[in-house]
Amino acid sequence: MLENNIMPIYEPGLKELVKKNQDEGRISFTTDLPGAVQKSDVIFIAVGTPSLSNGEADLQYIEAVAREIGQAMNGYKIVVDKSTVPVGTGDRVRKIISESQTGEYGFDVVSAPEFLREGCAVGDTLNPDRIIIGTSSKKAAQIMDELHKPFNAPIVITDVRSAEMIKYASNAFLATKISFINEIANICEKVGADVTEVARGMGYDKRIGNQFLMAGIGYGGSCFPKDTKALIQIAGNADYDFELLKSVIKVNQIQRYKPIKKLISILGELQGRTVGILGLAFKPNTDDMREAPSVEIITELKKLGAGIKAYDPVAGDEARKVIKDIEYCSDPYETMDGADAVILVTEWEEFKNLDLDKMKKLLNIPLVIDGRNVFDPAEMQAKGFIYTGVGRRQIAYLTREYRKEAAAAVEKLTK
Ligand code: UDX
């Protein structure tokens, strides 16, 4: 597929970038691993490290590839691990390569963790905040430094174990930031403050920074859920109880169900209700459904007896593999047509410009649960929607008066 410029994942700009480099003869693809190893000076390992049932990272793919590299070697190589792996894996890779070599070839193992985000992977790769190079070899450090210089980013050269930890610590810290702002949002709803204003005010403090302070229905994806669990395991294996990170995961789990709680507090029983879902992917600009909050939200809504109509601009095909027995729609308006409420789960750009009047006409009850604070509460209120965002001051759903008002409006409309 790659040879024919067919990308197996949806990632903006990737196809064009691969094509350009193919046309200019800088990249080619092969399934001949020994051939590729023998022609290379530097070999990057970028295989998956999914979670085992106990949360630990599954290293079977890393180990298999290390063995194959060892067997194929024909001279000095630098083997770079880009995958997110538990601290100490670099040493394991070194041991496997040594044991599987057929001749005595020199090699160095480097840890250079990946920090790109899905949906903006090309930009993140070409303009990284920093490059981490973990190695005990001066020669490898120098070659890696030279290789990464054109990126014009700070290069941190450190030891292998610290490099491996930097990746987990960074992801765990970002996940903590998200759970923190989500808890602040929950408190904002109770005390009449607005979390978007709070985040704006906090973000100017350089020590805090303005990113990853968007309250919503929690983090998902292939990294944060997996890496937070793995770091708890890494700590546990070293006899350390990572209390703070356990709470981060718990808060994230609870946050996913907030839209359902809000729905019930306004609609009462959900049996027989139709709920529209806008967005299925774990975040915009990707078709990745791994740990997407939509899966748990839809599963729970179905358990409560609701019928589901759902739409995602890109992730429909991937979603069909994991979410069955719902109605997949081909545009947002079809999703809302005749629905008793709509939940915005993923903040795709196209949802930011929806025709509100049309939405209101199509919905059976103009009830909008905005899981990503895409809409302007004042505008939604002015248009006559029953609207709740996450941690917004206006129309704080948790105030008893608002809930009463909303429930009364729903009853009137239902009649
Ligand atoms: C993440 C890391 O950012 C990246 O450095 C690492 O290499 C892989 O894991 P990714 O999972 O692709 O990247 O996406 P990211 O943009 O970090 O978002 C992760 C989740 O957090 C998404 O579900 C997103 O919706 C959520 N999020 C992000 C928030 O809820 N609020 C925010 O402010 C930011």
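Our subject is the structure listed above.
Worth saying up front: this structure is predicted, and the values here are computed from it rather than measured.

## A word on the packing of aromatic side chains
Move 1: All chains considered together, the criterion is met by four aromatic pairs.
Move 2: Here tyrosine 219 and phenylalanine 224 contribute two aromatic rings whose centre-to-centre distance is 5.8 Å and whose plane-to-plane angle is 85°, an arrangement assigned as edge-to-face. Comparing tyrosine 219 with phenylalanine 224, the two get one shared label, buried.
Move 3: Judged by centre distance (6.1 Å) and plane angle (65°), the ring pair of tyrosine 311 and phenylalanine 351 falls under edge-to-face. Of this pair, tyrosine 311 sits in strand 7 (residues 307-311) while phenylalanine 351 sits in the loop between strand 9 (341-344) and helix 15 (356-362); the two residues are 40 residues apart in sequence, bridging distant segments of the chain. For the residue pair tyrosine 311 and phenylalanine 351, the accessibility class agrees, reading buried in each case.
Move 4: Every member of this aromatic cluster is reached through a ring pair, and the members are Phe212, Tyr219 and Phe224.
Move 5: Its end group placed over the ring of phenylalanine 115, arginine 130 keeps NZ or CZ at 3.6 Å from the ring centre.
Move 6: Lysine 167 extends its terminal NZ or CZ atom over the ring of phenylalanine 115, reaching a point 5.7 Å from the ring centre.

## Describing the pattern of salt bridges
Move 1: For the structure shown, the criterion picks out 25 salt bridges.
Move 2: Salt-bridge contacts for aspartate 288 lead to arginine 290; the nearest nitrogen and oxygen are separated by 2.9 Å.
Move 3: Notably, a salt bridge pairs lysine 321 with glutamate 318, separated by 2.9 Å at the nearest N-O pair. In this pair, lysine 321 and glutamate 318 are both assigned in helix 13 (residues 316-322), three residues apart and thus about one turn of the helix distant.
Move 4: Here glutamate 318 falls in the partly exposed class, since its relative accessible area comes to 29%.
Move 5: Through salt bridges with shared partners, a single network forms among Lys229, Arg256, Glu291 and Glu296.

How each quantity is defined
- Residues numbered from 1 in each chain as written.
- Predicted model: local features only at pLDDT ≥ 70, side-chain atom pairs only at ≥ 80, totals over all residues.
- Heavy atoms only, no water.
- Phe/Tyr/Trp six-rings, centres within 6.5 Å; stacked < 30°, edge-to-face > 60°.
- Buried < 20%, exposed > 50% of the residue type's maximum accessible area, 1.4 Å probe, protein only.
- Helix = DSSP H or I, 4+ residues; strand = E, 2+ residues; numbered from the N terminus.
- Lys NZ or Arg CZ within 6 Å of the ring centre and 35° of its normal.
- Salt bridge = Lys/Arg side-chain N within 4 Å of Asp/Glu carboxyl O.

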